[in-house]
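# Report on the structure
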Amino acid sequence: MIQTKKVAELNRHQCLRIAEIIRNLKPRKDFYQRNYLRVEADEETIFRMHFFAVAICHQTHTLHHSILNLWGWDFIEHVFAILAKEKSQLLNPSYLVSTDSSKLVRQLKNWFTCAEEPDNCTFDRLDERVALMQNAAGFLTSEFKGKLSSLFRASKGFLIHSGTGLYEVLPKMEAFADPQQKKSTFFIKLLMDTGLITINDPENFIPIMDYHMQRVLMRTGCVEITDSDLRQQLISRKPQNSDEPIRSLCIEAFRIIADTSGHQVTRMNDYFWSLGRSCCNVTTLCHDHRCEKEPCTLTQIIELQTHSRCIFQDICPGAKLDNYRNLWQPMVKTHFY
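Residues numbered from 1 in each chain as written. Predicted model: local features only at pLDDT ≥ 70, side-chain atom pairs only at ≥ 80, totals over all residues. Heavy atoms only, no water.

### Digging into the packing of aromatic side chains
Within this structure, the stated rule accounts for 16 aromatic pairs. Between Tyr-211 and Tyr-337, the aromatic rings sit 6.4 Å apart at their centres with planes inclined by 45 degrees, giving tilted as the arrangement. With a gap of 126 residues between them, Tyr-211 in helix H10 (residues 211-219) and Tyr-337 in the segment after helix H16 (322-325) connect regions that are remote in the sequence. For the pair Tyr-211 and Tyr-337, a shared accessibility class is recorded, and that class is buried. Relative to Phe-312, the ring of Phe-272 has its centre 5.7 Å away and its plane inclined at 25 degrees; by these criteria the two rings are stacked. Here Phe-272 is found in helix H13 (residues 268-278), whereas its partner Phe-312 is found in the loop between helix H15 (297-301) and H16, with 40 residues between them in sequence. By the ring-pair criterion, three or more aromatic residues cluster together here, those being Phe-47, Phe-51, Phe-52, Phe-152, Phe-176 and Phe-187. One cation-aromatic arrangement involves Arg-215 over Trp-328; the distance from NZ or CZ to the ring centre is 4.5 Å. (Phe/Tyr/Trp six-rings, centres within 6.5 Å; stacked < 30°, edge-to-face > 60°. Helix = DSSP H or I, 4+ residues; strand = E, 2+ residues; numbered from the N terminus. Buried < 20%, exposed > 50% of the residue type's maximum accessible area, 1.4 Å probe, protein only. Lys NZ or Arg CZ within 6 Å of the ring centre and 35° of its normal.)

Have a look at this one:
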């Protein structure tokens, strides 16, 4: 029998310590009342706005609107809110299916630019993103006559439901094919945040997991890298063929943290994505005494009286040790997150 070398492990004790810190933290109410979640449009348009925004949201390291100071997902929210208000054809499955992909690439490029100068577009891999939109539009057209509302009605509000659940249907589209359901869960979470849907089997949720959150969970010691070669590869940011088993261990860490803290598992995204994006990135609040983003994303989402120190600083090994603080997420090319 061939034994696989163990390269990482879950530190349950550290997960419990982290959970105690976030137990009494509260999200800011205005975060769930931001413009993107309050767009005035018909139900189907709102469904499509979130659906296609999430479908193309992966590895947005370069995406930046320098004038509005919008990075990554914030820029995507900004654009798709406008598309919804204008009832843009870019949200229409039949238009996406029937339009040449090169034309759609040009249209996206025009939207994701500054000062109406397409040459300044910082959204990369547009051919791939358009292909994901067209694939999803084709599936919706053939299976649900282009109506996302029909897809949700068929699910009856379940993630798993004899083949019609959201976790069973959404992955049939390439954009949502991640076996760990990152984009599917994020899409569903946004619809829950708007109050459009409820989920009848929340126990089946898989925690949202992306690269920012993997980085935080490794640096805080919730997921320990036990293989010295892998540790050095992560520190040096060497490309990897896969992010497993790190990603699966991070998901399990979030289950423990959510259960212990009393926060919904889908809320882990709001705490840890925002912290990884701003406080624990290339720049670290614990070491550089400033955040990567200004204003800090964590303070925009979570109610904090002060933010001169990282919320995990007292118990985080990364705050004290270089070999934790310098860990980087697995460098993999993927459209899953």
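### Structural notes on helix H9 (residues 182-194)
In this model H9 runs 19 Å from its N-terminal to its C-terminal C-alpha over 13 residues, within 8% of the 18 Å that 1.5 Å per residue would give. In terms of burial, H9 is largely enclosed, as 11 of its 13 residues are buried. If you check which residues of H9 are buried, you get Lys-182, Lys-183, Ser-184, Thr-185, Phe-186, Phe-187, Ile-188, Lys-189, Leu-190, Leu-191 and Asp-193. One or two residues past the end of H9 sits Gly-195, with phi positive at roughly 85 degrees. (Expected span 1.5 Å × (residues − 1).)

### Quick word on the environment of Leu-63
Locating Leu-63 in the fold gives a position in the loop between helix H2 (43-55) and strand S2 (64-65). Taking C-alpha positions, Leu-63 is 27 Å from Lys-29, a pair spaced 34 residues apart along the chain. Setting aside residues no more than four positions away along its own chain, Leu-63 makes contact with Leu-70, Trp-71, Gly-72, Phe-75, Ile-76, Phe-112, Thr-122 and Phe-123. (Contact = heavy atoms within 4.5 Å.)

### Notes on the packing of H2 against helix H3 (residues 73-85)
At a minimum axis distance of 10 Å, the contact between H2 and H3 shows a crossing angle of 150 degrees. Compared by their axis directions, H2 and H3 come out roughly antiparallel. For H2 against H3, the interelement crossing comes out right-handed. Two secondary-structure elements touch here, H2 through Thr-45, Met-49, Phe-52, Ala-53 and Val-54 and H3 through Trp-73, Ile-76, Phe-80, Ala-81 and Ala-84. Looking at the contact of H2 with H3 residue by residue, the class counts come to 9 nonpolar, 1 polar and no charged. (Axes fitted to C-alpha atoms, helices over the stretch in contact; angles between N-to-C directions. Parallel < 35°, antiparallel > 145°, perpendicular 65-115°, else oblique. Left-handed = near helix turned anticlockwise from the far one by under 90°. Nonpolar A, V, L, I, M, F, W, Y, C, P; charged D, E, K, R; others polar.)

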